[in-house]
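Next come the chains, spelled out residue by residue.
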Amino acid sequence: MTDALHSLRLLQPGSIDEAVAALAQHPDARLVAGGTDLLVNIRRGVRQPDLLIDAANIAELKQLSVDGDALIIGAGVTIAALADDALIASRYRALAQAAASIAGPGHRRLGTVGGNLCLDTRCIYYNQSEWWRRANAYCLKNHGETCHVAPKGNRCHAAFSGDLAPALLVLGAEIDVAGPGGSRRIPLAELYVEDGKAHLALKPGELVVKVRLPANPAASAYQKLRVRGAVDYPLAGVAVALARSGADIAQLRIALTGTNSRPFLLAGTDALAQRPLDDQMLKEIDQLVQQQVQPMRTTLMSSNYRRLAAAAIARRLTGELFAA
Ligand SMILES: Cc1cc2nc3c(=O)[nH]c(=O)nc-3n(C[C@H](O)[C@H](O)[C@H](O)COP(=O)(O)OP(=O)(O)OC[C@H]3O[C@@H](n4cnc5c(N)ncnc54)[C@H](O)[C@@H]3O)c2cc1C
Ligand code: SF4
């Protein structure tokens, strides 16, 4: 373990404007929220900022409220607050289930929505101590020249492994982002890029301010495959939102995490609407998932098992929501 934490300096802005100004003034600084991901990475030497900009004192980031026809979730709202919220449990079930499945109670009390959405990507060759990575000549994501997972390629395949993003994607989330160029609102899907080394589409100095969800989303659910039932990242996580119209599906959205370098909405589900759920449709859902997930050898669990599990969870949740 390195002594990287000893040399850190901390700035504590009291507003979003101050945070944006601090990020602009110190381009090499990192924003820290709960620190449950970033501080682990700093201690392992994979991130080495001299200065942290702490979001803990920015009250505006902690808003959790209904505003007209939207639920607003500030980026500084904790995972525990999401998991414990009665409105979220009843109307945004996938989000409550995803939040409750994140890490352990202590992490959930500190960890935030913004930190979860902007979580670094993960790989067995990257989430290691400094001496382990040095002994293995590092890798493309950090200090090295080769990817140990796909040595002939020139991109990093580390997997995005946050639990909230797929739930928010199927629920139709948009995010507000603030930066030196002002504020902008984008669909959550546009935050992500399929590249394990640079998976966020944030411009320099930008931070996520809040998430907006529609007030009346379709019924939804989230499940994840993990090694340990108590505290573990998703090796494949699936969220489904489904609305019925009589005997037919009116709308179906499926999103995945843990299999690719970004969380993503499954393409092709619009074509399944206006049909009843039957074995043929479940087969089509299975095929769509298996075609679009790209699990690589970034975890100790086999890639093919993660592919099959993702498809199986998607089929199961779709069937359960249709029958509910
Ligand atoms: C043992 C263990 C188990 C875990 N298990 C899980 C799990 O099962 N599922 C899961 O999803 N996560 C898991 N985590 C990771 C982590 O605890 C959570 O993802 C948590 O929500 C991260 O939030 P944070 O506020 O602590 O992030 P931080 O560590 O503060 O930040 C993470 C990253 O996000 C950036 N960031 C933070 N806020 C913003 C913002 N508003 N705008 C832009 N960038 C921002 C930071 O700069 C940093 O790069 C686990 C962690 C540990 C240590
Ligand atoms: S996928 Fe390759 S480049 Fe990315 S972290 Fe793993 S070994 Fe490194």
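Residues numbered from 1 in each chain as written. Chains lettered and ligands numbered in written order. Predicted model: local features only at pLDDT ≥ 70, side-chain atom pairs only at ≥ 80, totals over all residues. Heavy atoms only, no water.

A. Local environment of the site of ligand 1. In the vicinity of ligand 1, 32 residues are found, and the nearest of them are L31, T36, L38, T112 and D163. At 3.3 Å, a side-chain N or O of Y233 approaches a nitrogen atom of ligand 1. Residue composition of the shell around ligand 1, grouped by class: 15 nonpolar, 12 polar and five charged. Two domains each provide a minimum of three residues to the shell around ligand 1, namely domain 1 (1–52) and domain 2 (64–118 + 159–323). (Near = heavy atom within 4 Å. Polar contact = N/O pair within 3.5 Å; in protein donor to acceptor, adjacent residues only side chain to side chain. Nonpolar A, V, L, I, M, F, W, Y, C, P; charged D, E, K, R; others polar. Domains from an automatic or database assignment.)

B. Main features of the domain arrangement of the chain. Domain parsing of the chain yields domain 1 (1–52) and domain 2 (64–118 + 159–323). The centre of domain 1, based on its C-alpha atoms, is set 27 Å off from the matching centre of domain 2. The interface of domain 1 with domain 2 comprises eight residues on the first partner and 11 residues on the second. Here domain 1 packs against domain 2, burying approximately 780 Å² in sum over the two surfaces, 79% of which is carbon and sulfur. Per-residue buried area on domain 1 facing domain 2 is highest for I16, V20 and T36; these three make up 49% of the total on that side. There are zero salt bridges connecting domain 1 and domain 2. Looking at the side of domain 1 that touches domain 2 element by element, the count peaks at three residues for helix 1 (residues 16–25). (Contact = heavy atoms within 4.5 Å. Buried area = accessible area lost by both parts, 1.4 Å probe. Salt bridge = Lys/Arg side-chain N within 4 Å of Asp/Glu carboxyl O. Helix = DSSP H or I, 4+ residues; strand = E, 2+ residues; numbered from the N terminus.)

C. Quick look at the site of ligand 2. The environment of ligand 2 is formed by C123, Y125, Y126, C139, L140, K141, C147, H148, V149, C156, H157 and A158. Of the residues assigned to the shell around ligand 2, the class counts are nine nonpolar, two polar and one charged.

D. Up close: the nonpolar core. Core analysis: the biggest nonpolar cluster contains 55 residues, and L95, L117 and L164 have the highest contact counts within it. If one sorts the elements of this core by residue count, helix 9 (residues 164–170) sits on top with six residues. Lining this core are residues from two domains, each supplying at least three of them: domain 1 (1–52) and domain 2 (64–118 + 159–323). Look past the residues within four positions of L95 in its chain and what remains in contact with it is I73, L82, I88, L164, A167, L168, L171 and L213. Core analysis: the second largest hydrophobic core is formed by 28 residues, V238, V240, M281 and A310 among them. (Core = buried A, V, L, I, M, F, W, Y, C linked by side-chain atoms within 4.5 Å. Buried < 20%, exposed > 50% of the residue type's maximum accessible area, 1.4 Å probe, protein only.)

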